[in-house]
Structures are given as structure tokens and as C-alpha cells.
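Take a look at the letters that make up each chain.
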Amino acid sequence: MLYLWVKSLHIFFVASWFAGLFYLPRIFVNLAMETDKAASARLLTMARKLYRFMTVLAVPALALGLWLWLGFGVGKGPGNGWLHAKLAIVVFLVFYHHGCGVLLRKFENGANTRSHKWYRWFNEAPTLGLLGAVVLVVVKPF
């Protein structure tokens, strides 16, 4: 029964973390296009709060995932190569999350050099990461 609670909470926190990973780069798109200082300040406030909140959500998502892996043995043993691929995606997403923080600091310092088009493409990475992780967990192709 504990396993199901941990798994449910893991899914909840991952979904919540992803909401931030999807939305923060959309704020960056708007920041890159914005010319009004008051609107930019409002967007920066939104971005700061969202980044803090999604960081708080990422911690239990990762901790519960580790608990599933190390505590309950999910993905251990032969025929579970899918977990290694999923962990690679998770590592990429943690770096992506950190990269969002770096980009936010650049916006805060007025040092953004990227266009809104770049941020539109940047915004697609977590979508691909989520797709890959879900396929690996559900299909377990290897």
C-alpha cells in the first residue's frame, strides 16, 4: 500500500513540476518581446515566483522517484534498461530547470540576448522529455 502512495505522490509532483517547466519558458517568450517596462517588471515577478515554486515541486518529485527506484526496486534487475534511459531524461530535465534559472537571472540583469523565437523552441524541450519518460515508463521498450 505504501508503494501506491509513493507512486501517486511521485506522479502528482512530477505533473506539478512540469506545469512550471512548460509555463516559465512561455513567460520568457513574452519577456523577450516586451518593450513596456511595467509589463516586463510584472512578467519578471511572475517568472521569479514560478521558478521558486517549481523548484519546491521538483524536490519531492525527484525524492519520491528515488524512493521508488532504491526503496521499492522499480526498474532493478534484467530487462529494465528503460529506467537508465528515463534517468538520463530526468538528468536532462534537472539541467533544463537549472538553465531556466540562469535565463531568468539574465532577464533580471537586463542581459538577455535571445529572441522570442529561440524561447519558443526552448519551450519544446520539456514536452519531448515528458513524452520520452512516459513512453519509457509505460511501454518499457528495453
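Above this text sits the structure in question.
Visitor: What exactly am I supposed to notice about the nonpolar core here?
Guide: Judged by nonpolar contacts, the single largest core of 35 residues is most densely connected at Leu 24 and Phe 28. The element contributing the most residues to this core is helix H2 (residues 37–71), with 11 residues. Each residue touching Phe 28, except ones within four places of it in the same chain, is listed here: Ala 47, Cys 100, Leu 103, Leu 104, Phe 107 and Tyr 119.

Visitor: So what exactly am I meant to see when it comes to the packing of aromatic side chains here?
Guide: Under the criterion given, the structure shown has 12 aromatic pairs. Summarising the aromatic geometry, the rings of Tyr 3 and Phe 72 are spaced 5.3 Å apart at their centres and angled 70° between planes, so their arrangement reads as edge-to-face. With Tyr 3 in helix H1 (residues 2–33) and Phe 72 in the loop between H2 and helix H3 (81–108), this pair connects stretches of sequence that are 69 residues apart. Here the aromatic residues Phe 28, Phe 92, Tyr 96, Phe 107, Trp 118, Tyr 119 and Phe 122 are joined through ring pairs into a cluster of three or more. Geometry around Trp 118 places Arg 114 over its ring, the cationic atom sitting 4.1 Å from the centre.

Visitor: Help me out: how do you make sense of the layout of surface pockets in this one?
Guide: A water-sized probe rolled over the atoms picks out the places where empty space is left. The volume enclosed by the largest pocket comes to roughly 700 Å³. Taken together, 27 residues form the lining of the largest pocket, with His 10, Val 14, Leu 68, Lys 86 and Val 137 sitting closest to its centre. Among the secondary structure elements, those contributing two or more residues to the lining of the largest pocket are H1, H2, H3 and helix H5 (125–139). Taken together, the residues that form the lining of the largest pocket break down as 22 nonpolar, 2 polar and 3 charged. For the second largest pocket, the lining is made up of 14 residues, of which Leu 31, Glu 34, Ser 40, Leu 44 and Phe 107 are closest to its centre. Sorting the residues of the lining of the second largest pocket by element identifies H1, H2 and H3 as the ones contributing at least two each.

Rules used in this analysis
- Residues numbered from 1 in each chain as written.
- Predicted model: local features only at pLDDT ≥ 70, side-chain atom pairs only at ≥ 80, totals over all residues.
- Heavy atoms only, no water.
- Core = buried A, V, L, I, M, F, W, Y, C linked by side-chain atoms within 4.5 Å.
- Buried < 20%, exposed > 50% of the residue type's maximum accessible area, 1.4 Å probe, protein only.
- Helix = DSSP H or I, 4+ residues; strand = E, 2+ residues; numbered from the N terminus.
- Contact = heavy atoms within 4.5 Å.
- Phe/Tyr/Trp six-rings, centres within 6.5 Å; stacked < 30°, edge-to-face > 60°.
- Lys NZ or Arg CZ within 6 Å of the ring centre and 35° of its normal.
- 1 Å grid on protein atoms, 1.4 Å probe; cavity = no way out; pocket = protein on both sides within 12 Å on 5 of 7 lines; lining within 4 Å.
- Points joined across faces, edges and corners; volume = space filled by probe spheres on them.
- Nonpolar A, V, L, I, M, F, W, Y, C, P; charged D, E, K, R; others polar.

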